[in-house]
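# Inside the fold
The primary structure of each chain is shown beneath.
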Amino acid sequence: MISENSYAVPGTTTVKWRFPSVHPEGRKFGAIAAGIAVLAWLFVPWLTWPMIVLTIWVLAFFRDPIRVTPVDDSLVVAPADGLITLIQNVPPPRELLGPDGLGQDEMTRVSIFMSVFDVHINRAPIGGTIKAVIYIAGKFLNADLDKASEDNERQHILVERPDGVRIGFTQIAGLVARRIVPFVKSGDVVAHGQRIGLIRFGSRVDVYLPKGTAPRVTLGQRTIAGETVLAKLGDANPTLGVSQ
């Protein structure tokens, strides 16, 4: 099997499918569900199978598959698995306004909605230094709604490349989600596509593209965290798509 940091040479290397590992954050929830299943088998037999199904679902929710990130620093990759539900020109989030954040100009915001069936490990859209991790308590509105970006519980992460280019992205809790779990802090250096956090049980991630950079994804497209190319820095030609 190819390691996470290896390069495949066509015709000489193969990759075998394997079950994704379960992230440590989810193992305790799986253990709790499994424990309840055992108690159900002992005392409430009719509840045993529903609890076994719930245990399997919890472990599947926290699955952490290996991803292959394109080796190109000019590419912005998707930070989340899910569905592209919004692409809009908006000001930066108020918490990231100004010279120490994303500036004042409008940016293109690409929103990725994660259902409870998607992988919920989030990844860095670019490599660089974490300049800010800002958590804001809030509501738990449907993450599909535009106002979720400003009203819901959320966490902004600002990444700066060595050349000074900055990308901001926001983890947003939804109707079911109740906790955003960061894996990084301000000052950390992250690689392109590195795991940076997760959101429990259904949510959304917004990515703010710099001025002059157009998205290479379209509404209704599905993304794979760490692999799908959202944009190429400095490329202002948007990609068009056809639903079929």
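As a starting point, this report considers the structure included with it. (Residues numbered from 1 in each chain as written. Predicted model: local features only at pLDDT ≥ 70, side-chain atom pairs only at ≥ 80, totals over all residues. Heavy atoms only, no water.)

A separate point is the overall build of the chain. Helix and strand content of the chain: 3 helices and 15 strands. By residue count, 46% of the 244 residues in the chain fall in the buried class. Here the analysis covers contacts within the chain between residues at least 6 apart in sequence; of these, 71% occur between residues at least 24 apart. Element-wise, carbon and sulfur atoms account for 61% of the exposed surface of the chain, whose accessible area totals about 12600 Å². (Helix = DSSP H or I, 4+ residues; strand = E, 2+ residues; numbered from the N terminus. Buried < 20%, exposed > 50% of the residue type's maximum accessible area, 1.4 Å probe, protein only. Contact = heavy atoms within 4.5 Å. Areas by Shrake-Rupley, 256 points an atom, 1.4 Å probe, with all protein chains shown as cover.)

Right, let's get into the pattern of salt bridges. Taken as a whole and assessed by the stated rule, the structure comprises 12 salt bridges. The shortest N-O distance in the salt bridge between Glu 95 and Arg 94 comes to 3.7 Å. Relative accessible area serves as the criterion here: at 55%, Arg 94 is assigned to the exposed category. Arg 161 serves as the salt-bridge partner of Asp 163, at 2.3 Å between the closest nitrogen and oxygen. A single salt-bridge network, built from bridges that share partners, covers Arg 94, Glu 95 and Arg 154. (Salt bridge = Lys/Arg side-chain N within 4 Å of Asp/Glu carboxyl O.)

Per the stated rule, a full pass over the model turns up 3 aromatic pairs. Where Phe 29 meets Phe 62, the ring centres are 5.6 Å apart and the plane angle is 5°; that geometry is what we call stacked. Here the residue Phe 29 occupies a position in helix H1 (residues 24-43), and Phe 62 occupies one in the loop between helix H2 (48-61) and strand E2 (63-64), the gap between them amounting to 33 residues. Looking at Phe 29, the relative accessible area reads 24%, which means it is partly exposed. Taking the relative accessible area as the measure of exposure, Phe 62 reaches 2% and is therefore buried. An angle of 80° between the planes, with centres 4.9 Å apart, marks the rings of Phe 61 and Phe 62 as edge-to-face. Looking at Phe 61, the relative accessible area reads 1%, which means it is buried. In this structure an aromatic cluster arises from ring pairing among Phe 29, Trp 57, Phe 61 and Phe 62. (Phe/Tyr/Trp six-rings, centres within 6.5 Å; stacked < 30°, edge-to-face > 60°.)

Following the sequence through the fold, Leu 75 ends up in strand E3 (residues 75-77). The sequence separation of Leu 75 and Pro 125 amounts to 50 residues, and the corresponding C-alpha distance is 8.2 Å. Those residues within four positions of Leu 75 in sequence are excluded, and the remaining contacts are Pro 70, Pro 125, Ile 126, His 192, Val 229, Ala 231 and Lys 232.

So, on to the sheet that holds strand E12 (residues 195-199). Here we have 3 strands laid out as an open sheet, ordered E6-E12-E10, and antiparallel in their pairing. Bordering the open sheet on either side are strand E6 (121-123) and strand E10 (180-182), each of which pairs with just one other strand. Averaged over neighbouring strand pairs, the angle between their axes works out to 25° when direction is ignored. Here 3 bridges tie E10 to E12, and the two strands are oriented antiparallel to one another. For Ile 180, the partnering residue across the bridge sits in E12 and is Ile 199. (Pairing = 2+ DSSP bridges. Axes fitted to C-alpha atoms, helices over the stretch in contact; angles between N-to-C directions.)

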